Amino acid sequence: GGSSRSHILPAGGGAWSVDRLRGRESADDRWAHTALGVLRVVAGCLFVMHGLEKLFSVGGGRIDRDIMTMRGLAGYLETIGGPLIIAGLFTRPAAFILSGEMAVAYFRNWAPRGFWESFQQPGMEASILFCYLFLFICAAGPGAWSLDGLWKRRSAGGGVTHATSVSSNIGG
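### Things to note about the side chain of E101
Relative to the assigned elements, E101 resides in helix α4 (residues 91–110). Here E101 is buried and forms no salt bridge, its nearest opposite-charge partner K54 lying at an N-O distance of 5.6 Å. When near neighbours in sequence (up to four residues on either side) are disregarded, E101 contacts F47, A74, L77 and E78.

### Concerning a nonpolar patch on the surface
Together, V38, V42, L46 and W145 give the surface a local cluster of nonpolar side chains, amounting to about 400 Å² of exposed area. By secondary structure assignment, the location of V38 is in helix α2 (residues 32–56). Under the relative-accessibility criterion, V38 is labelled partly exposed at 40%.

### Brief notes about the nonpolar core
F47, I85, A95, M102, F130 and F134 are the most contacted members of the largest nonpolar core, which totals 14 residues. Looking at this core, the elements with two or more residues in it are α2, α4 and α5 (126–140). Looking at which element gives the most residues to this core, the answer is α5, with 6 residues. Not counting the four nearest positions on each side in its chain, F130 is found in contact with A43, L46, F47, H50 and M102.

### Some points on the environment of Y106
Among the secondary structure elements, Y106 is positioned in helix α4. Spatially, the C-alpha atoms of Y106 and M124 are 8.5 Å apart, while their sequence positions differ by 18 residues. Residues contacting Y106, with those up to four places away along its chain left out, are A111, P112, F115, S118, S127 and I128.

### Some remarks on the packing of aromatic side chains
Applying the stated criterion to the full structure yields 8 aromatic pairs. Between Y106 and F107, the aromatic rings sit 5.1 Å apart at their centres with planes inclined by 75°, giving edge-to-face as the arrangement. Relative accessible area serves as the criterion here: at 58%, F107 is assigned to the exposed category. Taken together through their ring pairs, the aromatic side chains of F47, F130 and F134 make up a single cluster.

### Examining helix α6 (residues 147–157)
Those residues of α6 lying buried are D148, G149 and R153. The buried side chains of α6 occupy one side of the element, clustering within an arc of 130° when seen end-on. When the buried face of α6 is taken as reference, the exposed residues oriented beyond 90 degrees from it are W151, R154 and S155.

### Regarding the environment of S155
With respect to the helices and strands, the residue S155 is situated in helix α6. At a separation of 3.1 Å, a polar atom in the side chain of S155 contacts the main-chain carbonyl oxygen of K152.

### Re the packing of α2 against α5
It is the contact of α2 with α5, at a shortest axis distance of 11 Å, that shows an interaxial angle of 140°. With respect to α5, the axis of α2 lies oblique. Seen from above, α2 lies across α5 with left-handed handedness. Contacts between α2 and α5 involve L36, L39, R40, A43, L46, F47 and H50 from the former and F130, L133, F134, F136, I137 and A140 from the latter. For the contact of α2 with α5, the class distribution of residues is 11 nonpolar, 1 polar and 1 charged.

Quick notes on the rules
Residues numbered from 1 in each chain as written. Predicted model: local features only at pLDDT ≥ 70, side-chain atom pairs only at ≥ 80, totals over all residues. Heavy atoms only, no water. Helix = DSSP H or I, 4+ residues; strand = E, 2+ residues; numbered from the N terminus. Buried < 20%, exposed > 50% of the residue type's maximum accessible area, 1.4 Å probe, protein only. Lys, Arg positive; Asp, Glu negative; His and termini not counted. Salt bridge = Lys/Arg side-chain N within 4 Å of Asp/Glu carboxyl O. Contact = heavy atoms within 4.5 Å. Patch = residues over 30% accessible without salt bridge, like charges linked within 9 Å, V, L, I, M, F, W, Y side chains within 5 Å. Areas by Shrake-Rupley, 256 points an atom, 1.4 Å probe, with all protein chains shown as cover. Core = buried A, V, L, I, M, F, W, Y, C linked by side-chain atoms within 4.5 Å. Phe/Tyr/Trp six-rings, centres within 6.5 Å; stacked < 30°, edge-to-face > 60°. Arc of directions from axis to C-beta. Polar contact = N/O pair within 3.5 Å; in protein donor to acceptor, adjacent residues only side chain to side chain. Axes fitted to C-alpha atoms, helices over the stretch in contact; angles between N-to-C directions. Parallel < 35°, antiparallel > 145°, perpendicular 65-115°, else oblique. Left-handed = near helix turned anticlockwise from the far one by under 90°. Nonpolar A, V, L, I, M, F, W, Y, C, P; charged D, E, K, R; others polar.

What follows is the structure, given as structure tokens:
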């Protein structure tokens, strides 16, 4: 595409983008709802694997099913929270809790090594990334293909038509 805005992602440049500061914000947000839904589903799929690793040794992890340990509690939160995020069910509260879990994971496991040292091994930044990703999902809502959105549409309009099942507002 020869468009001068072809570098902007489907969801736009964001609150602090250079395009917005220059007054050239893209008004085309047709794909934002869908992009948010895809982001939510992919994040949930990746996240649930961390819980399955802790509870069932999927991928060869150390099993810890004791909910009274930090690792065991994290395993339950990730194994239950991941599918909730995937399905878009109780998305905002689940994302808020999981964001907090990842903040604890970073400050408890990686931050004591020092900021730059917490990036020495592959995957050490995942807790930071998941923390902010879930905080974003908590603020933005579930996006497309969510049970929260379906529930909201059914309670607001009585039924689901083809048009409302294809698109709804981003806040879901």
